[in-house]
Amino acid sequence: MTTQEPIGEWFGAVPEWRRGQRILAAATGILFVAFCALAPLLWLVARPTRMISNAPPPRWEWSAIQDGSAMRALETHAKETSWVTFHMRGVLNEALFRIGLLENDQVTIGRDGWLYFAETLLWKPMELAATREKRRAVLRQAMEATAANDVRLLVVPVPDRVTIHPEHLPPLRPADPGRLGLYDEILADLSAVGVPHVDVRSAFLAHKAAHPDDELYFRRDTHWSLSGQLLTADLVKNEIAKRGWAPLVPACPDIVVEQTMRRPMVPGLVAMLGLRLEVDVPDDRGSAFLRGLFEDWTWRPIGIRDPSGRVGPIPMEQDDAKVALCGTSFSESFGLQLIGTLGARVDRRGVSSTGRSFGGFRAVLRSLGKNGFTPRILVWEFVQREYQADWLEVGSLRD
Amino acid sequence: MVFTSFAFLFLFLPLFLAGYSIVPAGLRNLWLLSASVVFYGWERPSWVLIMVASTLVDYAVARLMGAKEDGRPGRKLLLVTSILANMGLLAWFKYANLLVHTAETWSGADLAWHDIALPVGISFYTFQSMSYTIDVYRGDVKPTRSLVDFACYVSMFPQLVAGPIVRYRDVHDQVVRRSHSVGLLGAGASCFMIGFVKKVLVADVMAPLATAGFALPQPGLVESWTALVAYSLQIYFDFSGYSDMAIGLGLMLGFRFPCNFDSPYKSQSVTEVWRRWHISLSTWLRDYLYIPLGGNRHGEARTYFNLATTMLLGGLWHGANWPFVLWGAYQGLWLCLERMNGRKPLHARLPMPLRVLATYLVFTFGWSLFVARDLSHVQTLWRGLFGLSGLGETLVSPKHDTITYAMFPLAIAIVFFAPNSAALMRSYRPLVITGFVLLFVVAVAQMLAASHIPFLYFRF
């Protein structure tokens with residue numbers, strides 16, 4: 001091998017490079033090869049990263065190889081488990097975030113340390129108008145299905161954070177007024193069909209005006225805070241009382257509400273920014289910059305005392321509960337607070353972080369009447385943004 | 001597989017280079033061929049069969065031609081066989097959909113046709129393979145005995161899917177015997193990095209702006225021109241960046257591919273643009289279409305006809321779409337007008353900077369035909385470009401607003417005032433090269449962070 005190779009005709013009448021240029025070229029070549037070899041070498045010595053964007057390895061089936069999906073899956077899997085991706089993407093995104101230029105498809109960077117789920121800024125008036133009758137038919141179907149089993153339905157539509165807090169959006173991305181009014185569309189549908197419901201938005205806006213320091217949502221996570229959950233649980237309790245359903249909810253003296261606790265958590269929207277953050281990262285890990293993006297997660301542990309007097313966790317499935325809750329990831333922590341607020345057992349088999357608007361509802365419908373599961377009230381939570389997604393496509397509540 | 005992907009940069013390339021450096025010299029072409037097949041068949045293994053068919057036909061045709069003496073009638077028949085086979089592949093995979101849909105539109109009948117997927121790079125490797133048989137027929141090059149060498153030439157992954165279109169007569173010596181060195185590796189790596197930066201940090205950043213503008217139902221004057229200029233920047237940095245990467249990879253392996261771009265937007269006439277834009281295609285069309293048609297040897301009228309026909313077919317080569325044909329006609333018209341004007345642009349009296357600007361605007365206006373989905377989209381774009389849909393608003397791209405708008409004037413400045421890749425490589429200044437190495441690292445990080453935007457020329 002020699003570094004005195006002429007560079008060739010491609011460069012036309014190229015004067016011979018000087019010695020310094022040849023040395024520079026050789027160094028650049030070695031550096032380039034070493035850089036490209038970095039990922040395969042790291043695979044040999046380091047465990048794969050665990051990022052939120054991790055994708056499973058490909059299934060090596062002939063059909064998947066033929067249509068290219070196997071190779072695409074391999075590419076994504078290799079890319080998302082590589083330390084090269086983890087560090088290079090992370091460092092770039094952190095730098096862009098610091099200077100206010102980071103943006104990705106899923107997250108919109110707001111002001112005052114707020115992040116917004118990009119989907120909550122979408123506005124689809126045409127599709128909404130076109131599917132109004134279909135959505136109302138689904139609500140009617142829900143009413144009929146629950147009434148047929150002697151179950152009272154109570155709907156809890158959770159407003160998107162942008163509906164309550166549009167003031168933290170970036171200046172170039174003001175919320176569309178129509179999008180902010182999406183909640184009205186939900187309330188109109190519920191009223192038109194006569195579905196019992198609570199107006200969470202009004203309660204949240206009133207609370208925000210009265211207690212501006214008590215935030216009902218996390219700043220960098222799509223979900224609601226303990227305050228938001230408790231306020232909604234109170235709304236549900238009041239609505240049950242107002243409708244005269246309280247006698248249907250027997251109190252459970254064994255429920256124990258403990259002291260409020262708090263610990264730092266990695267907010268979901270931060271995890272979606274492509275920073276140097278592995279999933280299930282311990283609280284004390286990560287750089288000071290990353291820890292600065294963590295949120296204080298406050299929760300109120302709620303348990304149940306067994307006959308021996310020991311307090312343990314409350315099972316999700318409570319066949320003898322007279323209140324059932326179904327819903328999205330918002331209900332995962334809200335469910336416990338509802339138990340604490342009602343002081344009654346609440347079945348939570350219909351709480352599904354992946355089931356979106358209808359998965360949990362369908363799970364409850366399937367279980368009605370089985371193993372003595374006969375709830376009298378079904379609380380159905382869904383999030384506002386899905387009114388422009390799942391609700392545009394659903395044809396029937398049946399599977 | 002694309003060059004600006006994790007799979008290529010961190011899987012394919014290091015493994016390929018490692019193998020290439022350890023296999024004996026006599027097996028390097030076989031290794032390169034094998035790697036090229038993997039590269040090409042990565043997403044659609046069945047497409048390799050089409051390339052194999054084209055390669056085998058042209059290899060056999062050339063061998064048979066070589067066995068016959070010059071002037072024997074069988075040679076012409078063999079050449080026709082090669083051209084029909086390659087053009088048949090192109091016609092079936094590229095133009096069948098257009099013909100059927102046009103027939104459906106005219107007749108009103110539903111022919112229950114299922115669209116055929118276009119194999120990536122078919123336009124490039126069929127032209128490349130066909131030029132070999134034409135050159136053998138003309139006696140410009142001797143047919144190779146080695147199928148591996150020929151298949152290696154056709155399928156070579158650095159320039160397989162988007163050029164530059166390399167002719168066998170230019171590289172056959174290198175296919176058989178070429179030298180390697182750390183210096184060449186470094187020169188190739190530098191060139192690759194320059195192209196990578198152009199694609200990821202400029203072309204891809206311009207893309208959302210162009211896409212947003214062309215997606216508007218009624219773009220106004222400002223929106224149309226913003227989108228069109230953004231597209232002119234995107235396609236230049238995209239395609240010239242890809243060519244730089246191909247040339248750089250070739251250099252790493254000891255090949256010298258032809259230069260494909262020479263600052264085309266600095267041209268002072270459309271004729272000059274075509275000498276500096278996609279040079280390997282324009283010279284291919286000149287040598288294998290325009291000159292065989294008669295070139296300028298049969299009078300003025302025939303010359304204009306040849307020029308227009310060449311550009312029309314050049315437009316059709318880019319895609320099976322009527323706007324592409326119109327784009328070819330538009331370019332042909334300008335070439336004819338400039339020829340009528342004594343080979344000078346119509347705006348020849350303008351001072352030099354304005355001549356360059358006017359040429360850029362004329363050429364860029366043509367992109368409105370190139371980018372249009374169909375003829376009604378052409379109408380929409382032209383209404384916007386001529387201000388018939390109002391002034392419009394400032395075009396807001398759906399993402400990367402700040403970076404895109406910062407890059408917009410910077411990219412224009414680079415196009416008109418900065419030296420091109422070849423000049424950068426000729427001067428090879430330490431500071432500039434170091435700067436590009438650093439930008440390359442940023443571009444790789446950006447590639448890993450951004451969603452994938454495929455090369456524009458992959459669809460041709």
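Scoring rules and cut-offs
Residues numbered from 1 in each chain as written. Chains lettered and ligands numbered in written order. Predicted model: local features only at pLDDT ≥ 70, side-chain atom pairs only at ≥ 80, totals over all residues. Heavy atoms only, no water. Helix = DSSP H or I, 4+ residues; strand = E, 2+ residues; numbered from the N terminus. Rg over C-alpha atoms; globule rule 2.2 N^0.38 Å. Buried < 20%, exposed > 50% of the residue type's maximum accessible area, 1.4 Å probe, protein only. Contact = heavy atoms within 4.5 Å. Areas by Shrake-Rupley, 256 points an atom, 1.4 Å probe, with all protein chains shown as cover. Lys, Arg positive; Asp, Glu negative; His and termini not counted. Charge placed at Lys NZ, Arg CZ, Asp CG, Glu CD. Buried area = accessible area lost by both parts, 1.4 Å probe. Salt bridge = Lys/Arg side-chain N within 4 Å of Asp/Glu carboxyl O. Polar contact = N/O pair within 3.5 Å; in protein donor to acceptor, adjacent residues only side chain to side chain. Nonpolar A, V, L, I, M, F, W, Y, C, P; charged D, E, K, R; others polar. Phe/Tyr/Trp six-rings, centres within 6.5 Å; stacked < 30°, edge-to-face > 60°. Lys NZ or Arg CZ within 6 Å of the ring centre and 35° of its normal. Domains from an automatic or database assignment. 1 Å grid on protein atoms, 1.4 Å probe; cavity = no way out; pocket = protein on both sides within 12 Å on 5 of 7 lines; lining within 4 Å. Points joined across faces, edges and corners; volume = space filled by probe spheres on them. Pairing = 2+ DSSP bridges. Axes fitted to C-alpha atoms, helices over the stretch in contact; angles between N-to-C directions. Right-handed = clockwise from strand over helix to strand, strands pointing away. Parallel < 35°, antiparallel > 145°, perpendicular 65-115°, else oblique. Patch = residues over 30% accessible without salt bridge, like charges linked within 9 Å, V, L, I, M, F, W, Y side chains within 5 Å.

Colleague: Explain the overall build of chain A residue by residue, including any values.
Modeller: Scanning chain A from N- to C-terminus turns up 17 helices and eleven strands. For 399 residues, the compact-globule estimate of 2.2 N^0.38 gives 21 Å, and the C-alpha radius of gyration of chain A, at 27 Å, exceeds that figure by more than 25%. Across its three principal directions, the C-alpha atoms of chain A cover 95 × 55 × 55 Å. Burial status across chain A gives 50% buried among its 399 residues. By sequence separation, contacts in chain A at least 24 residues apart represent 76% of the contacts at least 6 residues apart. When the accessible surface of chain A is summed, it comes to about 18,500 Å², and 56% of that surface belongs to carbon and sulfur atoms. Averaging the positions of the 47 positive and the 48 negative side-chain charges in chain A gives two centres separated by 1 Å.

Colleague: Lay out the interface of chain B and chain A in plain terms, naming residues and giving numbers.
Modeller: Contact residues are listed per partner, giving 61 residues for chain B and 50 residues for chain A. Of the roughly 4,600 Å² buried at the junction of chain B and chain A (both faces included), carbon and sulfur atoms supply 72%. Taken together, the links from chain B to chain A amount to one salt bridge. With a shortest N-O distance of 3.3 Å, Glu-43 of chain B and Arg-72 of chain A are connected by a salt bridge. At the boundary of chain B with chain A, the tally comes to eight residue pairs in polar contact (both at pLDDT 80 or more). Within the residue set of the side of chain B that touches chain A, elements represented by two or more residues are helix H1 (6-22), helix H8 (182-215), helix H9 (221-252), helix H16 (401-417), helix H17 (421-427) and helix H18 (430-449) of chain B. Among the elements that line the side of chain B that touches chain A, the one with the most residues is H18 of chain B, at twelve residues. For the side of chain B that touches chain A, the per-class residue count stands at 41 nonpolar, 14 polar and six charged.

Colleague: Report on the side chain of His-168 of chain A, specifying residues and quantitative values.
Modeller: All names here are of chain A. Looking at where His-168 falls in the secondary structure, it is placed in the loop between helix H8 (161-164) and helix H9 (177-180). Residue classification places His-168 among the buried residues on the basis of a relative accessible area of 13%. Residues within four places of His-168 in sequence aside, it is in contact with Gly-110, Arg-111, Asp-112, Trp-114 and Tyr-116.

Colleague: So, the packing of aromatic side chains: which residues are in play, and what are the values?
Modeller: With the rule as written, the count across this model stands at 80 aromatic pairs over all chains. Judged by centre distance (6.5 Å) and plane angle (55 degrees), the rings of Phe-204 of chain A and Trp-224 of chain A are tilted. Taken together, the residues span a long stretch of sequence, with Phe-204 of chain A in helix H11 (residues 200-210) and Trp-224 of chain A in the loop between H11 and helix H12 (226-242) at a distance of 20 residues. Each member of the pair Phe-204 of chain A and Trp-224 of chain A is classed as buried. With 5.0 Å between their ring centres and 75 degrees between their planes, Phe-196 of chain B and Phe-440 of chain B make a pair best called edge-to-face. Taken as a pair, Phe-196 of chain B in helix H8 and Phe-440 of chain B in helix H18 lie far apart in primary sequence, 244 residues in all. Both residues of the pair, Phe-196 of chain B and Phe-440 of chain B, count as buried. Just above the ring of Phe-289 of chain A sits the side chain of Arg-98 of chain A; from NZ or CZ to the centre is 4.3 Å. Directly above the ring of Tyr-116 of chain A sits Arg-161 of chain A, whose terminal nitrogen or CZ lies 5.2 Å from the centroid.

Colleague: I'd like a rundown of the domain arrangement of chain B, residues and numbers included.
Modeller: Residue and element names in this part refer to chain B. Here chain B is partitioned into domain 1 (6-97 + 117-178) and domain 2 (184-268 + 345-459). Spacing between the C-alpha centres of domain 1 and domain 2 amounts to 29 Å. With 27 residues of domain 1 in contact, the opposing surface of domain 2 contributes 22 residues. Here domain 1 and domain 2 share an interface that buries about 2,000 Å² over both sides, 79% of which is from carbon and sulfur atoms. Summed over the three residues of domain 1 that lose the most area to domain 2, namely Leu-9, Pro-158 and Pro-164, the buried surface amounts to 26% of that side.

Colleague: How would you summarise the layout of surface pockets if you had to cite specific residues and measurements?
Modeller: Residue and element names in this part refer to chain B. The calculated volume of the second largest pocket comes to roughly 630 Å³. Contributing to the lining of the second largest pocket are 20 residues, with Thr-271, Arg-275, Arg-286, Leu-307 and Leu-335 lying nearest its centre. Elements that contribute at least two residues to the lining of the second largest pocket include exactly helix H10 (270-276), helix H11 (279-290), helix H12 (299-318) and helix H13 (322-340). Among the elements that make up the lining of the second largest pocket, the one with the highest residue count is H11 (six residues). Of the residues belonging to the lining of the second largest pocket, the class tally is seven nonpolar, seven polar and six charged.

Colleague: How would you sum up the sheet that holds strand S9 (residues 323-327) of chain A? Please name residues and give values.
Modeller: Pairing between the strands of a sheet is mediated by backbone hydrogen bonds and can be parallel or antiparallel. Residues and elements named next belong to chain A. Strand order in the open sheet formed by four strands is S3-S11-S9-S10, and the pairing between neighbours is parallel. Of all the strands in the sheet, just strand S3 (152-158) and strand S10 (346-351) have a single pairing partner and so form its edges. Strand-to-strand twist in this sheet, taken as the mean axis angle between neighbours without regard to direction, amounts to 20 degrees. Bridge count for S9 against S10 is four bridges, and the pairing is parallel.

Colleague: Pulling in residues and values, what's your account of the pairing of S10 of chain A?
Modeller: Of all six residues making up S10 of chain A, six are buried, and the element is well covered by its neighbours. Taken together, S9 of chain A, helix H15 (residues 330-342) of chain A and S10 of chain A form a β-α-β motif whose crossover is right-handed.

Colleague: Tell me about the domain arrangement of chain A, and name the residues and values.
Modeller: Taken domain by domain, chain A consists of domain 1 (1-36) and domain 2 (116-260 + 300-393). For domain 1 of chain A versus domain 2 of chain A, the distance between C-alpha centres works out to 66 Å.

Colleague: If you had to explain the packing of helix H3 (residues 46-67) of chain B against helix H5 (residues 122-138) of chain B to someone new, which residues and values would you point to?
Modeller: Residues and elements named next belong to chain B. The interhelical angle for the contact between H3 and H5, taken along N-to-C directions, is 5 degrees, at an axis separation of 9 Å. In terms of orientation, H3 and H5 fall into the roughly parallel class. Here H3 contributes Trp-47, Ile-50, Met-51, Ser-54, Asp-58, Val-61, Ala-62 and Met-65 to the contact with H5, which in turn contributes Ile-122, Tyr-125, Thr-126, Ser-129, Met-130, Tyr-132, Thr-133, Val-136 and Tyr-137. Residue classes in the contact of H3 with H5 are distributed as twelve nonpolar, four polar and one charged.

Colleague: Any chance you could break down a nonpolar patch on the surface for me, citing the residues and the numbers?
Modeller: Residues and elements named next belong to chain B. A surface patch of nonpolar side chains, about 300 Å² in accessible area, is lined by Leu-350, Leu-354, Leu-357 and Leu-361. Take Leu-361: it is sitting in helix H14 (residues 352-371). Residue class for Leu-361 comes out partly exposed when judged on its relative accessible area of 36%.

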